[in-house]
Amino acid sequence: MPFVRIDALGTDAGRLDALSRAVHDALVETLGVPPGDRFQVVTGHNGASSTLRHGDYLGIPRDDGIVFVAVTMRAGRTPARKQAMYRRIAELCHAYAGTEPRNVFVTVTENEPVDWSLGHGAAQYVEPSAPTA
């Protein structure tokens, strides 16, 4: 059950929805995330009251089409699965939202089961009797 933050320049609801779907579909396809496990914060920055900064680090020419994707998930995926996820996110962001793959910047933060509370103030992954409904 990854938790995802997506930040993009522009506040067009259609583009933000397309980016959200692209990232989720990539997680389902490459990591086996259940389709119903969609936990995302999607933020469009208008460039005036909030914006994103980017450069051309590693020789990748980014522009205002930049999208930052931060995935927080439990540890354990192999490097190959993560690399497949990065590729698929870039492919689907291009297919669904027209975002050039060079503008898709993805980070992964891994943690342990005790680092999650899915509601009720409990750590459901480590408390077998924790409320879930």
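Look up a bit, the structure's there.
Chains are numbered independently. Their residues run from 1 in the order of the written sequence. Restriction of local features to residues with pLDDT of at least 70 applies here, the model being predicted, together with a cutoff of 80 or more for giving and counting side-chain atom pairs; totals for whole chains, interfaces and linings are based on all residues. Note: side-chain values were computed over all heavy atoms of the structure, leaving out hydrogens and water.

**Digging into the nonpolar core**
- For our purposes a nonpolar core is just a set of buried Ala, Val, Leu, Ile, Met, Phe, Trp, Tyr and Cys residues, chained together by side-chain atoms within 4.5 Å. The buried label applies to any residue whose accessible area, calculated with a 1.4 Å probe on protein chains only, is under 20% of its type's maximum; exposed applies above 50%, and partly exposed to all values in between. Residues Val4, Val23, Leu27, Val69, Ile89 and Cys93 are the most contacted members of the largest nonpolar core, which totals 22 residues.
- Helical segments are the DSSP runs of H or I of at least four residues, strand segments are the runs of E of at least two, and each set is numbered from the N terminus. Those elements giving two or more residues to this core turn out to be strand 1 (3-9), helix 1 (13-31), strand 3 (67-74), helix 2 (79-97) and strand 4 (104-111).
- Contact definition: two residues touch when any of their heavy atoms are within 4.5 Å. If we skip the residues at most four places from it in the chain, Leu27 touches Pro2, Val4, Gly32, Val33 and Met85.

**A word on helix 2**
- By this rule the span expected of a helix is its residue count minus one, scaled by 1.5 Å. With 19 residues, helix 2 should cover 27 Å at 1.5 Å per step; its first-to-last C-alpha distance of 26 Å lies within 8% of that length.
- Along helix 2, the positions that sit buried rather than exposed are Lys82, Met85, Ile89, Ala90, Leu92 and Cys93.
- Residues of helix 2 that are buried sit in contact with helix 1, strand 3 and strand 4.
- Phi turns positive one or two residues past the end of helix 2, at Gly98, with a value near 75°.

**Focus: helix 1**
- With 19 residues, helix 1 extends 27 Å between its outermost C-alpha atoms, agreeing within 8% with the 27 Å of an ideal straight helix rising 1.5 Å per residue.
- Every buried residue belonging to helix 1 is among Arg15, Leu16, Ala18, Leu19, Ser20, Ala22, Val23, His24, Ala26, Leu27, Thr30 and Leu31, and all of these are buried.
- Packed against the buried residues of helix 1 are strand 1, strand 2 (39-45), strand 3 and helix 2.
- For helix 1, the side-chain oxygen to backbone nitrogen distance between the N-cap and Gly14 is 3.2 Å, and the N-cap itself is Asp12.
- Of the residues flanking the end of helix 1, it is Gly32, one or two places downstream, whose phi is positive at about 75°. N or O atoms within 3.5 Å of each other form a polar contact, as long as, within protein, one can give a hydrogen and the other can take it, and as long as residues adjacent in sequence are counted only when both atoms are side-chain atoms.

**A word on unusual backbone geometry**
- Unusually for a residue other than glycine, Leu58 sits at a positive phi of about 65°.
- Within the fold, Leu58 resides in the loop between strand 2 and strand 3.
- Taking the relative accessible area as the measure of exposure, Leu58 reaches 68% and is therefore exposed.

Worth remembering: the numbers are spatial, not functional.
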